[in-house]
Amino acid sequence: MRDYAIVSENLTKVFRGKNYEVVAVDHVSLKIKRGEFYGLLGPNGAGKTTFTKMLATLLIPDEGEAWIDGYSILKDPVEVRKRIAWMMGETGGRALYWRLSGYDNLMFFATLLNVPKDVAEKRIRVLLKFLELEDAADKLVMEYSTGMKIKLMLIRSLLHNPDILILDEPTLGLDVESALKVRRFLRRLADELGKTILFTSHNMYEVEMLCDRIAVINKGKIVFEGTPREIREKVEEIKIVEIQLVADDAKIEDAFRKLERLPVVKEIISSNKANEFYTIRVSVEDPHIAIPEIATALKDLKVESVSRALPTLEEAFLKIAGVRMEEGGREFKRRRFSRMGEEE
Amino acid sequence: MSVEECLKVLKFDEKTHGKLVFLSRTWASWYFQLKIFFSYKMQLALEVIDIVLSTLIYYFISFLVSPQDLVKLGYSPDYVAFAVSGIALSRYIWTSVARLAHKMRHEISSGTFESLAAVDIDNFRSWLLGQVLYGFTWSSTVFFGTLLTGFLLGAGFTRNPLMWLQAFLIVILVVAVHSAIGIMAAGMYIMHKQLETLLVLMSVVIEFFGGVIYPLSLLLNYPILYYIALLIPFTHGLELFRRTIIDGATLTSPMMLLHLGVLVAFIPLVYISFKVFEHYLNIAKKKGLLSVY
């Protein structure tokens, strides 16, 4: 137990109503080492937030137990809360007092956390400056953008310098540049100050960049635990073919129809557009058979290349989490004309 | 500002210790809530208008009340003083109690309560105490505003400073007892979101059974109602307060001592209220009711 900052054993949470019963977290057992950067991945409604709320003692489990820094979440909740910071990302912006200034919000929580005034002031000043909120410190939070509120939440979670950070989608709602800055900072908190970080996300990119280990949760159950690399290896059976072509909107519709009719194509996974240059990814049974057939089917279009590609972590995640690829396909169809680099 | 500087300020770990930290957290809960309240300027203005108008209502009603009847019922003949002292204390107590429940509703619906629960290190005691003090801070303005308006309308209050000191001590006792009701109501609110209707009903109950605008001795003709009235701590608090600031009665008289004794007997409610709050908090944590967004 001493080597671990967070241990959960069969942690279970069931929400019951008059006509329903939802098992939000189903016998989850995890062990997170001290100083480890641990990612908890899952689609919306997978149980990530419920799990973190139980660790933060905001929800009492129906079954199982967890220990934070050796303290039981059931028997010593106050000791647990002293040692952790729990932060919610985008929706957590509501967890601030909108009619107080950013600075006052931070001072209020610092006082509740027994941080001496001079220490709190110094930390607030440095962290506000680092996250470029210095000029907005005296503005009411109601005037803050979503990104600014998230940054403020992050500062708030660091004020008492906790050893364990439980961050629930902390970069959701941040702009690309700020998200990158926050990710690098968090990584250094783990590397240089030995902070243990439990980080939930459904963004594969940041998990790959940040985490030492990852657990994938779906429908309340852990369906995989390992390194980002192990996830990739586990799904190598996913055979992806990537098609690059130049087309206008009418022609690309034609290309989709042809691909959908091809028996060798299991499903269209994603599509990105940059000007008139499209990249379409499809899953197939056997790339050696599929590649020439796809090339033949699309011969009337300006196809630049048809080649085998490695699955992305997103695709791996969908596979591991047990989400059917077609669901990704439907989502993709709604957004398939998005420009390259835009959020998919 | 570089990452290095951020890491530097997070390298040392200093926390305040000792008993003062509880007071410091209570202060933070009180002070920042007051700051939030002063950001609602319109509400401030409306509450001041409310004080003046409600006092005026009883000023005009006083023209219909016979001073002789009041004397017969065992009170001084000044109905304005009688009614103003009643509404001042009942509003003082009730706005404070209701304010805590309203605050709880606001915290839960806005999502801040969950944040507070995540940093709670004393079972919400310092936060609750701060909120109770905040409620009474603002209500004190209502209280003194009502008394002052009554005074300007000719209410005959005592001018003996010692009596006002006694009244002050009585008010503190009434506040302590009723803060328990506020804390219990706040706890229940976490679970029962329709509590506000109940609170409105309770304020009417207090006004009716406490004898706020009519002498309690009128209820002697209705024994059941009279005995119910005696079970309510506010009834005793108001009798003590009214007899002090209108009649100048000291705490040495047997009747005053009896009222005082009953009020003191309710003091353990404060401890019970914290336990009730914890009980509801735990149920809410089991059912996932700390936030509703």
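Up top you'll find the structure we're talking about.
Please read all numbers here as calculations on a predicted model, not as lab measurements.

Glancing now at the overall build of chain B. A tally of regular secondary structure across chain B gives 13 helices and 0 strands. The secondary structure elements of chain B, listed N-terminal to C-terminal, are α-α-α-α-α-α-α-α-α-α-α-α-α. For chain B, the C-alpha atoms occupy an extent of roughly 80 × 40 × 35 Å along the three principal directions. In chain B, which comprises 293 residues, the share counted as buried stands at 52%. Intrachain contacts of chain B at a sequence separation of at least 6 include 79% that bridge at least 24 residues. Element-wise, carbon and sulfur atoms account for 72% of the exposed surface of chain B, whose accessible area totals about 13,500 Å².

What follows is about the packing of aromatic side chains. Taken as a whole, this structure holds 27 aromatic pairs over all chains when the rule is applied. Taken together, a centroid distance of 5.7 Å and an interplanar angle of 55 degrees make the contact between Phe37 of chain A and Phe199 of chain A tilted. Here Phe199 of chain A lies in strand E8 (residues 196-201) and Phe37 of chain A lies in strand E3 (residues 37-41), a separation of 162 residues in the sequence. Put simply, the rings of Tyr97, Phe108 and Phe109 of chain A together with Trp27, Tyr31 and Phe32 of chain B touch in pairs and so form one group of aromatic residues. Here the basic side chain of Arg156 of chain A rests over the ring of Phe109 of chain A, its NZ or CZ set 4.0 Å away from the ring centre. Positioned above the aromatic ring of Phe130 of chain A, the side-chain terminus of Lys181 of chain A is 4.8 Å from the ring centre.

Residue and element names in this part refer to chain A. Within the open sheet, the 6 strands sit side by side as E6-E7-E8-E3-E9-E10. Their pairing is mixed. Edge positions in the open sheet fall to strand E6 (84-88) and strand E10 (221-226), since each of these has one partner strand only. Strand-to-strand twist in this sheet, taken as the mean axis angle between neighbours without regard to direction, amounts to 15 degrees. One ladder, built from 5 bridges, connects strand E9 (residues 213-218) with E10; its direction is antiparallel. When the bridges of E10 are listed, Ile214 appears paired with Gly226. Contacts from helix H1 (residues 48-55) reach E3, E6, strand E7 (164-168), E8 and E9, with the element oriented near 155 degrees to E8. In the packing of helix H5 (residues 146-158) onto the sheet, contacts are made with E6 and E7, and the angle to E6 comes to roughly 170 degrees.

Calculation rules
Residues numbered from 1 in each chain as written. Chains lettered and ligands numbered in written order. Predicted model: local features only at pLDDT ≥ 70, side-chain atom pairs only at ≥ 80, totals over all residues. Heavy atoms only, no water. Helix = DSSP H or I, 4+ residues; strand = E, 2+ residues; numbered from the N terminus. Buried < 20%, exposed > 50% of the residue type's maximum accessible area, 1.4 Å probe, protein only. Contact = heavy atoms within 4.5 Å. Areas by Shrake-Rupley, 256 points an atom, 1.4 Å probe, with all protein chains shown as cover. Phe/Tyr/Trp six-rings, centres within 6.5 Å; stacked < 30°, edge-to-face > 60°. Lys NZ or Arg CZ within 6 Å of the ring centre and 35° of its normal. Pairing = 2+ DSSP bridges. Axes fitted to C-alpha atoms, helices over the stretch in contact; angles between N-to-C directions.

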